[in-house]
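Residue strings, one per chain:
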Amino acid sequence: MMIKVLASEIVSKIAAGEVIERPASVVKELIENSLDAGATQITIEAQGGGVEMMKVSDNGVGIASSELELAFHRYATSKIGNLEDLEKISSLGFRGEALPSIAAVAEVEILTQTSSQSVGTYLHLTKGEVVRKESRARPQGTAVTVHRLFRYFPARLKFLRSPNTENSHIAHLVSQCALAFPEVKFSLLLDKRQSLRTTGNGHLRDVVNELYGPEVAQRMLKVEQKDDLAAVTGLTSPPTLMRSNRSYLSFFVNRRWVHSPLLTRATEDAYHGLLMDGQHPLAVINISLPAQELDVNIHPTKAQIKFCHEQTVFRSVQKAIREVLDRTPIASSKPVPFSVGSGQWQSPRMITDNEPTFVVSQLPALELPVLRILGQLANTYIIAEGPDGLYLIDQHAAHERILYDRILAQWSQKEVEVQGLLQPITIEFSPREEETMRASEEALAEFGFTIEPFGDRSYLIRAIPAIVAGANVIEIVSALLDSLASSESLNPWQERIAQSLACHGAIRAGQQLSNEEMKELTKQLEQTKQPRACPHGRPTMIHLSAHRLEKEFGRVS
Ligand code: ADP
Ligand code: MG
C-alpha cells in the first residue's frame with residue numbers, strides 16, 4: 001500500500017484509544033483535572049459500568065467561557081508552557097490530551113463556572129464537534145458528563161467486561177484517588193448507589209477506615225521518613241495483618257497513583273522473613289521528591305513513571321518501612337487448627353463414586369502407589385516409601401489437592417458442608433470488593449457462604465463452607481473476591497472458588513503432624529484424581545526412584 005498521512009479524524013481516534021482504555025480511564029482523567037483545578041469536593045457518578053453515563057463534578061476554579069472550546073483542542077493545556085516545565089511537572093495532567101480524547105470516543109457535556117464570571121457556560125460536543133454552547137447557572141466549579149462511551153468505537157466496546165467489572169474498576173480508581181488526597185471529599189455513586197464517601201478531613205487513616213474497615217485502619221502502622229532525596233510517608237500493615245494478593249498496595253509519587261514493580265518490591269522486601277509465601281502486606285505509601293527526579297511522561301495513561309535514581313528510591317522506601325516494622329513487636333501468627341477428627345479433617349466422601357460434572361485439571365492423572373510413612377521433614381514435608389523408592393510430599397500442597405477435590409465434588413452434588421458461625425462476623429468491603437460481592441452472591445451461596453448486607457458496605461457473614469472452619473474468615477472472603485475479580489485467571493469461577501477455599505483450609509507448612517495424621521493425609525491423597533499436583537498445578541510430591549537412588553550412590557552406572 002502507498003504511504004500516506006492519516007486523516008485527522010483517524011489520528012485523533014488512535015490517540016484517544018491510547019489514553020482511554022475503559023470507562024475508568026475517563027473517570028481518572030476527569031478526577032485529575034478536578035484535582036489540578038484545586039477542587040476540595042469531587043462527586044463521581046457512573047451508570048451501566050460507565051458506558052451509559054459518567055459524570056464528574058467539582059468545586060475547582062472552573063474554565064473561563066472564552067477558553068472552553070480550546071480545552072477540547074488536542075495539546076491545549078493551562079498546565080505547562082515550555083520545555084522546561086516538562087522537566088518538572090507538578091500537576092497531574094500536562095499533555096492537553098484528555099478532554100479531546102474523551103470527546104473523540106463519546107458524547108460530552110460540560111458546565112463550568114469561574115469565580116469571576118456572573119454566569120456559567122455549557123458546551124455540548126458530539127463526535128468531537130461542538131453542537132451547542134450557551135450560558136447556564138452553576139456554582140463555581142466544573143461538571144463533565146460523558147455519555148455512550150465507545151459508541152462509535154465498536155472494537156473497544158467489544159473488549160469491555162460486564163458493567164459490574166467496569167464498576168469495580170471505577171470503584172478501585174476512585175479509592176486510590178481518595179487515598180492519595182485525604183483532604184478532598186470524594187463521593188462515588190454507582191448506578192445511583194452510594195459506593196464510597198470520604199470526609200476530606202485530611203487524615204489518611206480515616207480514608208483507610210472508609211475503604212478497608214476499622215480493624216485495618218486501627219492496626220496500620222505509620223510510616224514517616226525523610227532522607228536527602230525523598231520523603232516517604234503513609235501507612236503499612238503489621239506482619240500479623242496481611243492479604244493473599246497485592247491489591248491492597250497503593251503507591252503515590254508526588255501524589256500521582258503509580259503502578260510500580262520497583263516500589264512493590266521495595267515494600268515486600270521490607271517484610272522479608274516476616275510473611276509466609278503467598279502473603280502480602282497492605283500499604284499506602286506516598287513518596288515525595290523533587291519533580292526533576294522523575295519522568296512522568298513515559299506512558300499514555302501516566303500510570304508509569306521513571307525515577308532518575310531508582311536504587312536510592314528503592315532503598316528509601318524499603319528502609320522507611322523496615323524501620324517501622326523493626327519497632328513493632330511481632331505477635332505470633334495463628335496457624336490454622338488441624339487435628340484428626342476435627343471439623344476440617346473428615347474422611348472425604350468417595351469422589352470417584354459420583355463424577356463431578358466438569359474437568360478438574362488438565363494434568364495427566366497419575367495414580368499414587370500405597371505409601372509407608374517414614375517421618376516428617378522440617379515440619380513441612382512428609383517422607384514416605386513406596387514400591388519404587390522415596391517420596392517427599394509437600395503437606396500443604398497435598399492437603400490443598402484433597403480439599404479442592406472434596407469441595408468441588410460437594411458443590412457439584414449441591415451438598416456443600418456448611419459451618420454456621422455462632423457469632424456472625426462483620427466484614428467491611430472496599431468499594432471494589434462490594435461490586436464483586438454483588439456480582440458473585442449466588443456463586444458464594446452455592447459454596448456454603450451466607451453473607452447478608454448490613455448497611456453501607458458492611459456485610460454479616462453467618463455461615464462458611466466447613467472445609468475452612470477455623471481459618472480467618474475475613475481473609476478468606478477478601479481473597480475469594482479478589483480471585484473472582486481478577487482478569488489474570490481464565491479458570492471458571494467454581495474452580496477459582498474451590499482453589500481459594502482449598503488453599504485457606506489446608507494445613508500450613510511448618511505445622512508438626514503426628515504419624516496418624518500423616519498416614520491419613522497420604523491415604524486421602526492416594527484417593528484423589530490428581531494426587532501429584534496441587535490445584536494451582538504445582539507438584540505435591542517429589543519422587544526419587546529406587547534406580548535414581550542407586551545411581552546417585554554409585555551402586556549402578
Ligand atoms: P491537561 O489536563 O493535560 O491540561 P485536559 O485535556 O485534561 O488536559 O484539559 C485541558 C484543560 O482544560 C486543562 O489544562 C484545564 O485548563 C482545563 N480543565 C479541564 N478540566 C477542568 C476542570 N475540572 N476544572 C478547571 N479546568 C479544567
Ligand atoms: Mg487532564
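Details of the structure are given in the entry above.
Predicted model, so just to flag it, every value in this text is computed and none were measured. (Residues numbered from 1 in each chain as written. Chains lettered and ligands numbered in written order. Predicted model: local features only at pLDDT ≥ 70, side-chain atom pairs only at ≥ 80, totals over all residues. Heavy atoms only, no water.)

Participant: Can you explain the pattern of salt bridges? Please cite residues and give values.
Facilitator: Applying the stated criterion across every chain yields a total of 24 salt bridges. Between Arg457 and Glu210 there is a salt bridge whose closest N-O contact spans 2.7 Å. Here the residue Arg457 occupies a position in the loop between strand E20 (450-453) and strand E21 (458-465), and Glu210 occupies one in helix H7 (residues 204-212), the gap between them amounting to 247 residues. The exposure class assigned to Arg457 is buried, which follows from its relative accessible area of 6%. Since its relative accessible area comes to 27%, Glu210 is described here as partly exposed. Across the pair Glu215 and Arg219 runs a salt bridge whose closest N-O atoms are separated by 2.8 Å. Here the residue Glu215 and the residue Arg219 both occupy positions in helix H8 (residues 214-219), the gap between them amounting to four residues, near one helical turn. Since its relative accessible area comes to 42%, Glu215 is described here as partly exposed. According to the relative accessible area criterion, Arg219 is partly exposed, its value standing at 29%. (Salt bridge = Lys/Arg side-chain N within 4 Å of Asp/Glu carboxyl O. Helix = DSSP H or I, 4+ residues; strand = E, 2+ residues; numbered from the N terminus. Buried < 20%, exposed > 50% of the residue type's maximum accessible area, 1.4 Å probe, protein only.)

Participant: Could you give an account of the pairing of strand E7 (residues 185-190), with specific residues and numbers?
Facilitator: Here strand E1 (residues 41-47) pairs with E7 via six bridges, running parallel. Across the sheet, Ile44 pairs through a bridge with Leu188, a residue of E7. Alignment of E7 against strand E8 (residues 193-197), held across four bridges, turns out to be antiparallel. When the sheet's bridge partners are listed, Leu189 is paired in E8 with Gln194. Taking the residues that link successive antiparallel strands as the turn, the E7-E8 hairpin has two residues, and the phi of Asp191 there is positive, at about 45°. (Pairing = 2+ DSSP bridges.)

Participant: Could you give an account of the site of ligand 1, naming the residues involved and the relevant values?
Facilitator: Of all residues adjacent to ligand 1, which total 20 residues, the nearest are Asn33, Thr77, Ser78, Lys79 and Gly96. Within the backbone of Leu99, an N or O atom sits 2.9 Å from an oxygen atom of ligand 1. The separation between a nitrogen atom of ligand 1 and a polar side-chain atom of Thr142 is 3.4 Å. Starting from 530 Å² of accessible surface for ligand 1 in isolation, the protein chains cover 92%. Elements represented by at least two residues in the shell around ligand 1 include exactly helix H2 (23-36) and helix H4 (98-105). Examining the composition of the shell around ligand 1, we find that three residues originate from one element, H4, more than from any other. For the shell around ligand 1, the residue count by class is eight nonpolar, eight polar and four charged. (Near = heavy atom within 4 Å. Polar contact = N/O pair within 3.5 Å; in protein donor to acceptor, adjacent residues only side chain to side chain. Areas by Shrake-Rupley, 256 points an atom, 1.4 Å probe, with all protein chains shown as cover. Nonpolar A, V, L, I, M, F, W, Y, C, P; charged D, E, K, R; others polar.)

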